[in-house]
Amino acid sequence: MSIQESLKVTPKGDVALIEWDHIGESANKMSTPIMARLKEILEELNDSSFKAAVIISRKKKIFIAGADINEIKSLKTKEDFAGAVSGGQEIMNFVEDLKIPVIAAIHGACAGGGCELSLACDYRIASDASETKIGLPETKLGIIPGFGGCVRLPRVVGVQGALDIILAGKMVPAKKAFKMGLVDKMVHPAILEEQALKFANGVIAKGSKKRKKQHAPQGLMNKFLESGLGRPVVFSQAKKMTMKKSHGHYPALLVALNVIKKTAGMSNRSKAMDIEKQGFCEVAGGEISKNLINLFFMMEDVKKRNGVDGDEKGLEVSHLGVLGAGTMGGGIAYVAADKGIFVRLKDISTDSIAKGFEAARKIWDKKVKKRRMTKYELTEKMGHISGGLDYAGFKQLDVVVEAIVENMDIKKKVIAETYENLKDDCVFATNTSSLSVTEMATAHPKPENFLGMHFFSPVHMMPLVEVIRGPQTSDKATATVYNLSKKMGKIPVVVKDAPGFLVNRLLVPYMMEAAFFLQEGASIEKVDKIFVKKFGMPMGPFALMDSVGLDVCVKVSKIFKESLGERIELPEMLLKLEQTDRLGQKNGKGFYNYENGRKKDVDQSVYTDLGLGSPSDPLSEEDIIGRAMYNMVNEAALVLLEEHVVGSAEDLDLAMIMGTGFPPFRGGLLRWADKEGSEKIVDDLEVFASKYGPRFKPTTPLRNMAKTQRTFH
Ligand SMILES: NC(=O)c1ccc[n+]([C@@H]2O[C@H](COP(=O)([O-])OP(=O)(O)OC[C@H]3O[C@@H](n4cnc5c(N)ncnc54)[C@H](O)[C@@H]3O)[C@@H](O)[C@H]2O)c1
């Protein structure tokens, strides 16, 4: 009954209005029962007197979100996948072959299977609302569009446009979709239905039942590139770019590329659909796709959570205070204001406040240049930030984040002083990266309102926020900051207060291991290349140290040594770095050379500066990856299973992917470790410990896992 009601037909004169409103679901999805219902409707339409049909969604922000990913997850064998794809393709073909013209009236997200349905329609009209986005994000889940998307999109927007969307897993806004020919008309959302019906009646009046139009490239160059002669150039360039970006770690990209290459211009639809189906089955259900789908669910899960066990919602944050308008404070102010939160910046220097404003403005300016934002919106967003040297406006704040100098005494003093100027229940968060949140909370008269909100740099790019709960932090404060992080477009993970919290605790030993490699004769280029190309990290450990700041790395390593004892061994080389003027990217002098802040080649003089000879690269690739990664897994076992710094292996994986760029296709540090196997990891760590030092000694929880052959997940 509810499926029947979820998709129904309302007659509008000669036009059948198909209204889609999946009952009991927040989004319209192409689940098997819904598709069966759609087929039933289409069959009835073919036998009816209707002369056109319009498909419209009744959800507020979604046209059709795509295939039901739960269903994809439940499929196991190649036959299951082939069956599911055939079913989907059959319905899309049915839409295409319907006697009467079909118009998709799109408002909100039109993704994956939803986009494929719209491509099978004869025309697409979209609302120009900002929530309208159309695209095929399948490759982000390690699969390819399988309901005809690889075949039909190139016919609608050309091969170049289709590759751009499918290989990037992109969702394009209505304006761009209109420009590239993906939609035929753009209208205000309030008149979408009326305009779609009018359009349908116009098509009926013209007497042309079905659309014949194919993509018509504009301009000489595009005409050449879309021709039989030019396409090989497009495909070869796309392959090169894909390999450069993915290093071959995302097979769905190459499979999609191949399917589009083989089927572009093919007149035999059923043959083209078979090729697409084969491509889909090649990647669906594979380990990489499973990992990416798991990641999708982890992120969906965050949307439903509030960071605490009960149903505490916390304060709704409309006014945020930011203490310190430096690198982090400026970034935090930008991200919050961008999402419509009013921000009050406070610093001890007007120059810093001016810089904070400037940093935010620069990012918005770039968006205006790229036409992702209007000048009016820029002015409106800038109006959300104000600043000063005093506490004006602080009584209005719901949350204050402090991002001042990393010094416990100064922070404590500022916390106590600020408290006097806040309303009673204002939540106070520190963005410290290395100091104890618990100790800092002693400066706050209401420690239940105090916690950590650890952003990563650069704030506008890095998605993770560690929400650090001190022993006295209340559920209300935790939920407030957890939900605020989501409102700011971030992925929050709740962690306990412990040295380095979660991500830095794991990342610092990884960076330090790289310093040992250097000491042992490895070259900076080789090590970074192994982690980027072979393992899939976004940057190698040396480039990472440069971007964090070499002075910060040395300082934090020493703090870690103090708190973690023999598990941290300080590489001599790191201490020698202190005696140089190398600070990394910020002063343009680190392991790499920099030009206008952009990383260039390795600075060869660094070897002599650190008293090292020419690198001879004596270490094997396997040892380099094993030492750095197993080291992290070893620490992660302790952090998760003994110290309970983080609540679950899923949260740890999510934090590593979002906070360090740990390769998503590997599913996270612990999912990768499960694949390696705890026994192998412990055996290798023992060998490393005997060769290189006690820092590799397997931790008790990891040993126990190996003994009982358990996995993290
Ligand atoms: N930079 C990073 O990569 C990073 C990452 C995560 C967390 N953090 C943490 O964020 C905090 C700030 O770091 P940053 O890199 O932005 O530093 P920064 O030096 O760029 O900025 C600090 C700002 O605080 C201001 N300030 C100093 N004392 C103040 C006071 N009493 N009241 C108000 N403002 C005051 C300074 O004028 C300066 O503008 C530190 O706790 C740091 O550990 C930094």
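Provided above is the structure to which this section pertains.
A brief look at the structure comes next. In this text, all values refer to a predicted model and were calculated from it rather than measured experimentally.

Here we take up the overall build of the protein. Scanning the protein from terminus to terminus reveals 30 helices and 22 strands. Taken along its principal axes, the extent of the C-alpha atoms in the protein is 80 × 60 × 55 Å. Counting over 713 residues, the protein shows a buried share of 49%. Counting contacts in the protein only where the partners sit at least 6 residues apart, residues at least 24 apart contribute 73% of the total.

Within the open sheet, the 4 strands sit side by side as β5-β8-β10-β11. Their pairing is mixed. Edge positions in the open sheet fall to β5 (62-64) and β11 (171-173), since each of these has one partner strand only. Averaged over neighbouring strand pairs, the angle between their axes works out to 20° when direction is ignored. Pairing between strand β8 (residues 109-111) and strand β10 (residues 133-135): 3 bridges, direction parallel. Counterpart to C110 in the pairing with β10 is I134. Packed on one face of the sheet, helix α5 (residues 113-120) meets β5, β8 and β10 and runs near 85° to β8.

Turning next to the environment of E572. Along the chain, E572 turns up in helix α24 (residues 572-578). Since 13 C-beta atoms lie within 10 Å of it, E572 is described here as partly exposed. Separated by 53 residues in the primary sequence, E572 and Q519 place their C-alpha atoms 8.0 Å from one another.

Among the 23 residues in the neighbourhood of the ligand, the closest are listed as G324, G326, M328, S352 and S457. When residues of the shell around the ligand are traced back to their parent elements, those giving at least two are α14 (327-338) and α17 (408-419). A total of 3 residues in the shell around the ligand trace back to one element, the largest contributor, which is α14. Looking at side-chain class alone, the shell around the ligand contains 10 nonpolar, 10 polar and 3 charged residues.

So, on to the sheet that holds strand β1 (residues 7-12). The sheet built from 6 strands is open, its strands ordered β1-β2-β4-β7-β9-β12 with mixed pairing. Edge positions in the sheet fall to β1 and β12 (185-187), since each of these pairs with one other strand and no more. Each strand axis lies, on average, 25° off the axis of its neighbour in the sheet, ignoring direction. The pairing of strand β9 (residues 123-127) with β12 spans 3 bridges and is classified as parallel. Directly across from A126, in β12, lies its bridge partner M186. Strand contacts of helix α2 (residues 32-46): β1, β2 (15-20) and β4 (52-57), with the helix running at about 25° to β1, the strand carrying the most contacts.

The α-helix winds at 3.6 residues per turn, so residues separated by three or four positions along the chain end up facing the same way. Of the residues making up helix α28 (residues 669-676), those classed as buried are L669, L670, R671, W672 and A673. Where α28 is buried, its residues contact α13 (287-304), α26 (621-642), α27 (649-660) and α29 (678-692).

Time to look at the pairing of strand β22 (residues 598-602). Burial of β22 is sparse: only 0 of the 5 residues sit out of reach of the surface. When strand β21 (residues 592-595) meets β22, the two strands line up antiparallel, connected through 3 bridges. Residue pairing in the sheet places E595 in a bridge with R598 of β22. The antiparallel hairpin formed by β21 and β22 contains 2 residues in its connecting segment, where N596 sits at a positive phi of about 50°.

It is generally the case that most residues other than glycine have a negative phi and that most peptide bonds are trans. In this structure, P458 follows S457 across a cis peptide bond, with omega equal to -5°. Relative to the helices and strands, P458 is located in the loop between β18 (450-455) and β19 (464-469). The backbone phi angle of H247 is positive, close to 50°, even though this residue is not glycine. Mapped onto the elements of the fold, H247 is located in the loop between α10 (231-246) and α11 (251-263). Although it is not a glycine, D617 adopts a positive phi angle of roughly 45°. Residue classification places D617 among the partly exposed positions, given that 15 C-beta atoms sit within 10 Å.

To describe two helices that pack against each other, one gives the angle between their axes and the distance between the axes. Put simply, helix α20 (residues 503-519) and α26 touch, their axes get as near as 9 Å, and they point 155° apart. Of the possible angle classes, the one that applies to α20 and α26 is roughly antiparallel. Relative to α26, the crossing made by α20 is right-handed. Contacts between α20 and α26 pair R505, L506, P509, Y510, E513, A514 and F517 from the former with I624, R627, A628, N631, M632, E635, A636 and V639 from the latter. Considering only residue class, the contact of α20 with α26 consists of 10 nonpolar, 1 polar and 4 charged.

Residue alternation in strand β17 (residues 427-430) divides its side chains into two sets, V427 and A429 and F428 and T430, and both sets are buried. Judged from the 4 bridges that link them, strand β16 (residues 399-402) and β17 form a sheet pairing that is parallel. From the neighbouring strand, E402 faces β17, where its bridge partner is T430. With respect to chirality, the unit in which β16 leads through α17 into the neighbouring parallel β17 is right-handed. Here β17 runs beside β18; their pairing, made up of 3 bridges, is parallel. Residue pairing across strands places A429 opposite L451, the latter belonging to β18.

So, about the nonpolar core. Counting residues in each nonpolar core, the largest one holds 223 residues, and the members touching the most others are A53, V54, I103, I125 and A256. If you tally residues by element for this core, the top one is α20, at 12 residues. Beyond its immediate sequence surroundings of up to four residues, A256 is in contact with T139, I144, C150, I166, L167 and G279.

It is worth spelling out the packing of helix α22 (residues 541-548) against helix α23 (residues 550-564) at this point. Contact geometry for α22 and α23: axes closest at 5 Å, N-to-C directions at 95°. Judged by the angle between their axes, α22 and α23 are roughly perpendicular. Here α22 contributes M545, D546 and V548 to the contact with α23, which in turn contributes L550, V552 and C553. Partitioning the contact of α22 with α23 into residue classes produces 5 nonpolar, no polar and 1 charged.

Quick look at α13 now. For α13, spanning 18 residues, the distance from its first C-alpha to its last is 26 Å, which sits close to the expected 26 Å at 1.5 Å a residue. What α13 keeps buried is the set I288, S289, N291, L292, I293, N294, L295, M298 and V302.

Let's shift gears to the environment of F535. Checked against the element boundaries, F535 lands in helix α21 (residues 524-535). In this structure F535 comes out as partly exposed when scored by C-beta crowding, with 19 C-beta atoms within 10 Å. It is 29 Å that separates the C-alpha atoms of F535 and G146, two residues lying 389 residues apart in sequence. If sequence neighbours within four positions are ignored, F535 has contacts with I530, I625 and P663.

Bringing the environment of L229 into the picture now. Considering the arrangement of structural elements, one finds L229 in the loop between α9 (220-225) and α10. Sequence-wise, L229 and L574 are 345 residues apart; in three dimensions their C-alpha atoms are separated by 56 Å.

The rules we used
- Residues numbered from 1 in each chain as written.
- Predicted model: local features only at pLDDT ≥ 70, side-chain atom pairs only at ≥ 80, totals over all residues.
- Helix = DSSP H or I, 4+ residues; strand = E, 2+ residues; numbered from the N terminus.
- Buried ≥ 20, exposed ≤ 12 C-beta atoms within 10 Å, placed from the backbone.
- Contact = placed C-beta atoms within 7 Å.
- Pairing = 2+ DSSP bridges.
- Axes fitted to C-alpha atoms, helices over the stretch in contact; angles between N-to-C directions.
- Near = placed C-beta within 6 Å.
- Nonpolar A, V, L, I, M, F, W, Y, C, P; charged D, E, K, R; others polar.
- Parallel < 35°, antiparallel > 145°, perpendicular 65-115°, else oblique.
- Left-handed = near helix turned anticlockwise from the far one by under 90°.
- Right-handed = clockwise from strand over helix to strand, strands pointing away.
- Core = buried A, V, L, I, M, F, W, Y, C linked by C-beta atoms within 7 Å.
- Expected span 1.5 Å × (residues − 1).

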